[in-house]
Amino acid sequence: MKYLVIGAGGTGGSIGAFMTEAGKDVTLIARGEHLKKMQEQGLQMDTTAKGNYVVRPIKATDMEHYDEQPD
């Protein structure tokens, strides 16, 4: 199943990161500098359970370049 999370801020980014860690096929939609940083460096997480860590690779693009079909 393909998942699409539109908006990779605090909530959408966390959901997308947790889903990626669980092995789900998820793409995050973002824009600007935030998108560029995720594509280059992954997604920085700061959680109570695991502390600070980076989820990578993370699938991220802007809506204009998204060419898959989510379920």
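Residues numbered from 1 in each chain as written. Predicted model: local features only at pLDDT ≥ 70, side-chain atom pairs only at ≥ 80, totals over all residues. Heavy atoms only, no water.

Participant: Would you explain the pattern of salt bridges in this entry?
Facilitator: In a structure, side chains of opposite charge can pair up when their charged atoms sit close to one another. This model, assessed by the stated rule, comprises 5 salt bridges. Measuring nitrogen to oxygen at the nearest pair gives 2.6 Å for the salt bridge that ties Asp25 to Lys59. Remark: Lys59 occurs in strand 5 (residues 59-61) and Asp25 occurs in strand 2 (residues 25-29); sequence separation between them is 34 residues. When its relative accessible area of 27% is taken as the criterion, Asp25 is described as partly exposed. A relative accessible area of 32% places Lys59 in the partly exposed class. (Salt bridge = Lys/Arg side-chain N within 4 Å of Asp/Glu carboxyl O. Helix = DSSP H or I, 4+ residues; strand = E, 2+ residues; numbered from the N terminus. Buried < 20%, exposed > 50% of the residue type's maximum accessible area, 1.4 Å probe, protein only.)

Participant: Just to check I follow, could you spell out the sheet that holds strand 2 for this structure?
Facilitator: Pairing between the strands of a sheet comes from backbone hydrogen bonds, and it takes one of two forms, parallel or antiparallel. Taken together, the 3 strands give an open sheet; going across it, the order is 1-2-5, and neighbouring strands pair in parallel fashion. Of all strands in the sheet, those with a lone pairing partner are strand 1 (2-6) and strand 5, marking the two edges. Going from strand to strand, the sheet's axes swing by 25° on average, the running direction of each strand aside. Where strand 2 and strand 5 come together, 3 bridges link them in parallel fashion. Bridged to Ile29 within strand 5 is Thr61. (Pairing = 2+ DSSP bridges. Axes fitted to C-alpha atoms, helices over the stretch in contact; angles between N-to-C directions.)

Read these as geometric descriptors, not functional statements.
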